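Now for the letters of each chain:
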Amino acid sequence: MILIYLVFADPIKGQQVNFNSIDSLSYQLYLKGEWDSLLQLGKLAEKADIVYPNLSSRLGYAAFMKGNNSLSLKHFNYVLKENSFNQNALYYAVLNNKLLSRNEAAAFRSKNLDEDLKKPLNIGYKKLAESIDVETSFKPTNSEVRKMGKFYRIGVSNRINYRWKLNHSVSSFQQNLLTPTDTRTTNQQNRNNNPTNFRKFNVNDFQYYLKSDVFLNENFLLTNAYHMIYTHFDNSTYSTNIISTGLKYFTPFADFKMEINTGLMLDSLQTQLAFSSTYHPIGNLDIYGNSRVSYQKRTNLTQLNFSQVIGLKLSKKIWVEMHGTFGQIKNFIDNDAFYIYDAIDAGNFRIGTSFIIAFNNHISLLSNYYYEQKRLYSQNTNYHLHSYSLGLTWKL
């Protein structure tokens with residue numbers, strides 16, 4: 001730091017801030033592994049409008065060594081704008097994207113990467129099955145008329161090429177519900193000290209989900225998804241068909257996404273618009289967040305929802321996420337229509353916690369808990385739902 005101060009003691013006059021001095025000093029700091037000083041030098045060079053590929057490569061590597069993957073990606077992206085086949089820049093662009101959990105961006109960048117660099121990263125290859133995942137959850141309540149719900153899902157993803165990936169999923173949900181057998185309400189009978197007689201009926205869902213992710217270029221990802229639900233409700237059957245289209249824009253420190261979900265849900269037309277962003281304030285997965293605002297329009301209903309996720313790295317292999325959804329949760333479409341919450345009872349809000357354990361580069365475990373306050377259909381009675389989920393992902 002003293003050396004930098006002496007060389008650039010008067011940068012305003014611009015007498016000593018020039019290409020030769022920047023190039024010489026940055027190379028010396030790079031060879032010595034003085035990453036903090038090198039990054040400080042990079043800031044001074046940027047203020048003096050001295051930016052060129054060799055300097056960006058040195059700064060990108062320095063940021064990588066300091067664990068700032070977003071800053072490293074920013075510098076290597078500049079190198080790739082000048083030369084899209086620069087193997088060093090491509091390697092670190094792919095690696096930084098992987099470390100930021102941007103696997104689709106990493107796969108796209110790998111298209112020009114030499115095989116000897118690409119193979120150890122195991123990214124971007126055509127695969128019939130790129131990953132397999134399973135999920136199960138149990139949802140007990142404290143209501144005598146809403147029994148425990150059960151959800152099961154299995155999914156597989158296949159990669160068509162470096163820019164195109166498909167995700168398939170089938171799932172099932174079951175729950176037993178009780179309803180009074182006569183026309184008098186439960187409250188009326190309770191006031192008269194008369195017992196309430198209930199009739200049990202079942203809710204059974206079968207669901208199929210398909211998602212296509214296509215990278216259009218280095219910055220834009222186009223997502224199209226289709227979710228079909230066939231519901232057996234008491235003695236009736238209903239179908240839900242939702243189409244989701246989203247466009248995501250990537251920057252090194254954040255991405256921004258607009259999406260529209262539309263289709264027939266339980267035989268009624270619904271449209272939901274959403275804007276979301278995932279961000280890495282310190283340039284890695286030590287801390288990250290996702291914020292999402294959605295607006296839903298349905299026959300005789302409009303609603304606004306806000307969802308927030310904050311993730312923290314607890315150790316080398318373990319992360320915790322705290323999440324919440326606020327606003328009425330009814331016929332709510334989430335995560336590119338991957339989850340559709342079409343239960344008969346509306347939710348008032350939801351809060352929860354997830355733990356993610358990466359056992360190795362291939363196997364990871366997700367455990368999730370959330371609490372949701374729900375309201376009985378056509379009544380003002382609230383009840384509590386607790387959801388416990390486990391998910392396992394195997395990357396091939």
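### Structural notes on the overall build of the protein chain
Looking only at helices and strands, the protein chain features nine helices and 16 strands. Here the protein chain holds 396 residues, and 44% of them are scored as buried. Taking the contacts inside the protein chain whose residues are at least 6 apart along the sequence as the reference set, 51% of them involve residues at least 24 apart. When the accessible surface of the protein chain is split by element, carbon and sulfur atoms take 58% of a total near 20,300 Å². The centroid of the 42 positive side-chain charges in the protein chain is displaced by 3 Å from the centroid of its 30 negative side-chain charges.

### Considering the pairing of strand β8 (residues 268–279)
The side chains of a regular strand alternate between the sheet's two faces. Here strand β7 (residues 254–265) pairs with β8 via twelve bridges, running antiparallel. The partner of Met258 across the bridge, within β8, is Phe275. Here β7 folds back onto β8, and the loop between the two strands holds two residues, one of which, Leu266, carries a positive phi near 50°. Inspection of the sheet shows β8 paired to strand β9 (residues 287–298) by ten bridges, in the antiparallel sense. Bridge pairing in β9 places Tyr279 opposite Gly289.

### Observations regarding the packing of aromatic side chains
Applying the stated rule across the entire model yields 20 aromatic pairs. Summarising the aromatic geometry, the rings of Phe215 and Phe250 are spaced 5.4 Å apart at their centres and angled 25° between planes, so their arrangement reads as stacked. Here Phe215, found in strand β4 (residues 198–215), pairs with Phe250, found in strand β6 (residues 236–250); they are 35 residues apart in sequence, far enough to count as distant. Considered together, Phe215 and Phe250 belong to a single accessibility category, that of buried residues. One residue, Lys118, lies across the ring of Tyr125, its end atom 4.7 Å from the ring centre.

### Observations concerning the confidence of the model for the protein chain
With 92% of its residues at a pLDDT of at least 70, the protein chain reaches an overall mean of 91. Contacts of residues 1–15 to residues separated by more than four positions or lying in other chains number 22 contacts, the stretch itself having pLDDT below 50.

### Looking at helix α2 (residues 19–32)
With 14 residues, α2 ought to run about 20 Å at 1.5 Å a step, and its terminal C-alpha atoms sit 20 Å apart, in line with that. If you check which residues of α2 are buried, you get Ser21, Ile22, Leu25, Ser26 and Leu29. Along the axis of α2, the buried positions cluster into a sector of 115°, meaning they face one direction only. Of the residues in α2, the exposed ones pointing more than 90 degrees away from the buried face are Asn20 and Leu31. Two or three places before Asn20, at the start of α2, stands the capping residue Asn18, its side-chain oxygen 3.2 Å from that residue's backbone nitrogen. Just downstream of α2 lies Gly33, where phi reads positive at about 70°.

### Structural notes on the pairing of strand β15 (residues 363–375)
The pairing of strand β14 (residues 346–358) with β15 spans twelve bridges and is classified as antiparallel. By the bridge assignment, Arg350 is partnered in β15 with Glu372. As consecutive antiparallel partners, β14 and β15 are separated by four residues. Bridge analysis of β15 against strand β16 (residues 382–395) gives 13 bridges, and the strand direction is antiparallel. What sits directly across from Ser367, in β16, is Leu390.

### What to know about the nonpolar core
Val94, Leu121 and Ile123 are the most contacted members of the largest nonpolar core, which totals 17 residues. Leu121 has contacts with Tyr91, Val94, Leu95, Lys98 and Leu113, leaving out every residue within four places of it along the chain. If you look at the next biggest cluster of nonpolar residues, it comprises 16 residues, including Ile50, Ala62, Ala63 and Leu71.

### Things to note about unusual backbone geometry
One non-glycine residue, Ser101, lies in the positive phi region at around 60°. Structurally, the position occupied by Ser101 is in the loop between α6 (87–99) and α7 (103–109). Positioned with a positive phi, Asn122 is a non-glycine residue whose angle comes to about 50°. For Asn122, the position within the fold is in the loop between α8 (115–121) and β1 (127–139).

### Some details on the packing of α2 against helix α4 (residues 53–65)
One can describe the packing of α2 onto α4 by two numbers: an axis separation of 10 Å at closest approach and a directional angle of 30°. If you check the angle between α2 and α4, you find them roughly parallel. Considering only the axes of α2 and α4, their crossing is left-handed. Contact residues: α2 offers Ile22, Asp23, Ser26, Tyr27 and Tyr30, while α4 offers Leu55, Arg58 and Tyr61.

### A look at a nonpolar patch on the surface
A surface patch of nonpolar side chains, amounting to about 800 Å² of accessible area, comprises Val134, Ile154, Val170, Phe206, Tyr230, Phe359, Ile363, Leu392 and Trp394. Tracing the backbone shows Leu392 in strand β16.

### Some words on α4
The terminal C-alpha atoms of α4, which comprises 13 residues, lie 18 Å apart, in line with the 18 Å expected from a rise of 1.5 Å per residue. Among the residues of α4, Leu55, Ser56, Ser57, Arg58, Leu59, Gly60, Ala62, Ala63 and Phe64 are the ones counted as buried. Looking one or two residues past α4, Gly67 carries a phi angle of roughly 85°, positive in sign.

### Observations regarding the pattern of salt bridges
Counting across every chain of the model gives 18 salt bridges. In this structure, Lys165 and Glu130 form a salt bridge, with 3.3 Å as the shortest nitrogen-oxygen distance. Taken together, the positions of Lys165 in strand β3 (residues 164–180) and Glu130 in strand β1 put the pair 35 residues apart, joining distant regions of the chain. Note on accessibility: Lys165 and Glu130 belong to one class, buried. The partner of Glu372 in a salt bridge is Lys374, and the shortest N-O contact between them spans 3.4 Å. For Glu372, a relative accessible area of 2% corresponds to the buried category. Take Lys374: its relative accessible area is 7%, and that puts it in the buried class. In this structure, a network of salt bridges that share partners links the residues Glu104, Glu130, Arg159 and Lys165.

Rules and cut-offs
Residues numbered from 1 in each chain as written. Predicted model: local features only at pLDDT ≥ 70, side-chain atom pairs only at ≥ 80, totals over all residues. Heavy atoms only, no water. Helix = DSSP H or I, 4+ residues; strand = E, 2+ residues; numbered from the N terminus. Buried < 20%, exposed > 50% of the residue type's maximum accessible area, 1.4 Å probe, protein only. Contact = heavy atoms within 4.5 Å. Areas by Shrake-Rupley, 256 points an atom, 1.4 Å probe, with all protein chains shown as cover. Lys, Arg positive; Asp, Glu negative; His and termini not counted. Charge placed at Lys NZ, Arg CZ, Asp CG, Glu CD. Pairing = 2+ DSSP bridges. Phe/Tyr/Trp six-rings, centres within 6.5 Å; stacked < 30°, edge-to-face > 60°. Lys NZ or Arg CZ within 6 Å of the ring centre and 35° of its normal. pLDDT = per-residue confidence, 0-100. Expected span 1.5 Å × (residues − 1). Arc of directions from axis to C-beta. Polar contact = N/O pair within 3.5 Å; in protein donor to acceptor, adjacent residues only side chain to side chain. Core = buried A, V, L, I, M, F, W, Y, C linked by side-chain atoms within 4.5 Å. Axes fitted to C-alpha atoms, helices over the stretch in contact; angles between N-to-C directions. Parallel < 35°, antiparallel > 145°, perpendicular 65-115°, else oblique. Left-handed = near helix turned anticlockwise from the far one by under 90°. Patch = residues over 30% accessible without salt bridge, like charges linked within 9 Å, V, L, I, M, F, W, Y side chains within 5 Å. Salt bridge = Lys/Arg side-chain N within 4 Å of Asp/Glu carboxyl O.

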